[in-house]
Amino acid sequence: MTEPHAIEVEDLRKRFGEKVAVDGITFETRRGEVFGFLGPNGAGKSTTIKMLTTLLQPTSGKATILGHDLRTEGKKIRQRIGVVQQQDSFDQGLSTETSLDIYGLIWDVPKAERKRRIEEVIQRFEMEEFRKRMSLDLSTGQRRRLQVAREFIHDMDLLFLDEPTVGLDAIVRRNVLDFLKEKVKGGLTIFFTTHILDEAEYLCDRIAVINHGKIVQIDTPQNLKRRFGGTKAVEFKLLQGRSDAFVTKLGGFAEIAKISQDESGTYRATATRPELVIPEIYRLAEMFGLTISSIYIAETTLEDAFISMVTDGKDGGSG
Ligand SMILES: Nc1ncnc2c1ncn2[C@@H]1O[C@H](COP(=O)(O)OP(=O)(O)OP(=O)(O)O)[C@@H](O)[C@H]1O
Ligand SMILES: [Mg+2]
């Protein structure tokens, strides 16, 4: 345990005039983990990334990045990290290939290694088709791919990604996420923001949720779902449409908290242990001479959990 954390942040703040964008956040990111940083628009995610990557000076607080002090060792930090900012940044007049090569040159990557890495990212980010095309002529998603791919031309221990998958189609997104996972297996630490909750769940070991500049929770995706995702439900349909007698009887089953039916005729039985509810539904259906035409367990999602964490306990629905 002599290795310092990849990121250690203590009471970090950023004020823009009257606006407090980041309001005293404290957390640490372990080496080799993917740390997700989730929050609504304007929560302070990008401001935090800008501070941690030395682009923006904190108003107060402390941070060390890979053991280096943010205030005094900015240069050392910059040498060991990669950053993909939220803003688009590219060299308009260069082709994909040249842009990657120049990036490698800036980072002093030897020629043979540059060549090898360029081919790797061209393949993994599916950029073959536009490798000779000028950045200016690329589509939004292609440009984003180039921007993320570029970081993998140089060596780094820690990578900051501010919404790296914006604009990527589902297939490329999955490839990029899998590529990131591979790099993490090889020792890379990733600090990652996204608004796509499924993606956060797929990639992140732990997630910090930030709202109004403050961290409201830090936990694994699994635990966040468990703690904030609410109850699960068994959703099913009867071939016969509806049966009030059946529902009344089923409603008496202790494992079920509530049963409702929507316009499409789907019944929804909320329960913390849906696996106990399913056999009961079949048992009663048989008793009433009814046929179940479809049935499944609706799991809570990270999105459910996220919404409940950032709505400050305000009740969004009628229940
Ligand atoms: N240079 C600035 N001057 C004034 N206010 C700023 C500045 N930069 C950011 N802010 C404000 O600080 C708050 C946090 O912004 P930030 O960009 O960090 O949010 P975010 O969590 O990244 O949001 P998004 O999901 O939309 O990217 C916002 O209210 C924003 O308007
Ligand atoms: Mg942002």
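No experiment lies behind these values; they were computed from the predicted model shown.

Draft legend 1. Seen up close, helix α5 (residues 140-151). When the terminal C-alpha atoms of α5 are compared, their 18 Å separation across twelve residues agrees well with the 16 Å that a helix rising 1.5 Å per residue should span. The buried fraction of α5 is high, at eleven of twelve residues. The complete set of buried residues in α5 reads G141, Q142, R143, R144, R145, L146, Q147, V148, A149, R150 and E151. Looking at the packing, one finds that the buried side of α5 touches β6 (81-84), α3 (96-106), α4 (111-124), β7 (158-162) and α6 (170-185).

Draft legend 2. Main features of the site of ligand 1. Neighbouring residues of ligand 1: 14 residues in total, closest G42, K45, S46, T47 and H195. Here an oxygen atom of ligand 1 sits 2.8 Å away from a polar atom, N or O, in the main chain of G42. One of the side-chain nitrogen or oxygen atoms of H195 is found 2.9 Å away from an oxygen atom of ligand 1. Contact with the protein chains removes 64% of the 640 Å² of surface that ligand 1 exposes when unbound. Listed by contribution, the elements that provide at least two residues to the shell around ligand 1 are β2 (19-29) and α1 (45-52). At three residues, the largest contribution of residues to the shell around ligand 1 is made by α1. Taken together, the residues of the shell around ligand 1 sort by class into four nonpolar, seven polar and three charged.

Draft legend 3. Focus on a nonpolar patch on the surface. Residues I102, L105 and I106 make up a contiguous nonpolar surface patch of roughly 280 Å² in combined accessible area. Looking at the secondary structure, you find I106 in helix α3.

Draft legend 4. Spotlight on the coordination of the magnesium ion (ligand 2). Around the magnesium ion (ligand 2), the protein contributes the donor atoms S46 (OG) and Q86 (OE1), which lie 2.0 to 2.1 Å from the metal centre. Residue S46 is found in helix α1, and its partner Q86 is found in the loop between β6 and α3; the two are separated by 40 residues along the sequence.

Draft legend 5. α3, seen in detail. Taken as a whole, α3 has its buried residues at T96, S99, L100, Y103 and G104. In an axial view of α3, the angular spread of the buried residues amounts to 135 degrees, which keeps them on one side of the axis. Tucked into the core, α3 has its buried residues touching α4 and α5. D108 sits one or two residues past α3 and shows a positive phi near 60 degrees.

Draft legend 6. Spatial organisation of the packing of α3 against α5. Orientation of α3 relative to α5, taken along the N-to-C sense of each, is 30 degrees, at an axis distance of 10 Å. Taken together, the axes of α3 and α5 are roughly parallel relative to one another. In this structure, the crossing between α3 and α5 has a hand that is right-handed. Across from T96, S99, L100 and Y103 in α3, the residues of α5 making contact are L146, A149, R150 and E151.

Draft legend 7. Here's a closer look at the sheet that holds β2. A sheet is described by the order of its strands in space; here four strands give the open sequence β2-β1-β4-β5, paired in antiparallel fashion. Looking at which strands have only one partner, the edges of the open sheet turn out to be β2 and β5 (68-69). The pairing of strand β1 (residues 7-16) with strand β4 (residues 60-65) spans five bridges and is classified as antiparallel. For R13, the partnering residue across the bridge sits in β4 and is S60. In the packing of α1 onto the sheet, the strands contacted are β1, β2 and β4, and the crossing angle to β1 comes to about 115 degrees.

Draft legend 8. Examining the side chain of E163 more closely. With respect to the helices and strands, the residue E163 is situated in the loop between β7 and α6. Here E163 sits buried without a salt bridge, and the closest side chain of opposite charge, K45, lies 5.0 Å off (N-O distance). Discounting chain neighbours no more than four positions away, the residues touching E163 are K45, Q86, R144, T193, T194 and H195.

Draft legend 9. Local environment of the domain arrangement of the protein chain. When cut into domains, the protein chain gives domain 1 (7-219) and domain 2 (231-299). Computed over C-alpha atoms only, the centres of domain 1 and domain 2 are separated by 45 Å.

Draft legend 10. Region of the structure containing the pairing of strand β8 (residues 189-193). Burial of β8 is extensive: five of the five residues sit out of reach of the surface. Judged from the three bridges that link them, strand β3 (residues 34-38) and β8 form a sheet pairing that is parallel. Considered in β8, the bridge of F35 is made with F191. Where β7 meets β8, five bridges bridge the pair, whose relative direction is parallel. If you follow L159 over to β8, its bridge partner there is I190. The handedness of the β7 to β8 crossover, carried by α6, is right-handed.

Definitions and cut-offs
- Residues numbered from 1 in each chain as written.
- Chains lettered and ligands numbered in written order.
- Predicted model: local features only at pLDDT ≥ 70, side-chain atom pairs only at ≥ 80, totals over all residues.
- Heavy atoms only, no water.
- Helix = DSSP H or I, 4+ residues; strand = E, 2+ residues; numbered from the N terminus.
- Expected span 1.5 Å × (residues − 1).
- Buried < 20%, exposed > 50% of the residue type's maximum accessible area, 1.4 Å probe, protein only.
- Contact = heavy atoms within 4.5 Å.
- Near = heavy atom within 4 Å.
- Polar contact = N/O pair within 3.5 Å; in protein donor to acceptor, adjacent residues only side chain to side chain.
- Areas by Shrake-Rupley, 256 points an atom, 1.4 Å probe, with all protein chains shown as cover.
- Nonpolar A, V, L, I, M, F, W, Y, C, P; charged D, E, K, R; others polar.
- Patch = residues over 30% accessible without salt bridge, like charges linked within 9 Å, V, L, I, M, F, W, Y side chains within 5 Å.
- Salt bridge = Lys/Arg side-chain N within 4 Å of Asp/Glu carboxyl O.
- Donors = N, O, S within 2.8 Å, 3.2 Å for Na, K, Ca; no water.
- Arc of directions from axis to C-beta.
- Axes fitted to C-alpha atoms, helices over the stretch in contact; angles between N-to-C directions.
- Parallel < 35°, antiparallel > 145°, perpendicular 65-115°, else oblique.
- Left-handed = near helix turned anticlockwise from the far one by under 90°.
- Pairing = 2+ DSSP bridges.
- Lys, Arg positive; Asp, Glu negative; His and termini not counted.
- Domains from an automatic or database assignment.
- Right-handed = clockwise from strand over helix to strand, strands pointing away.

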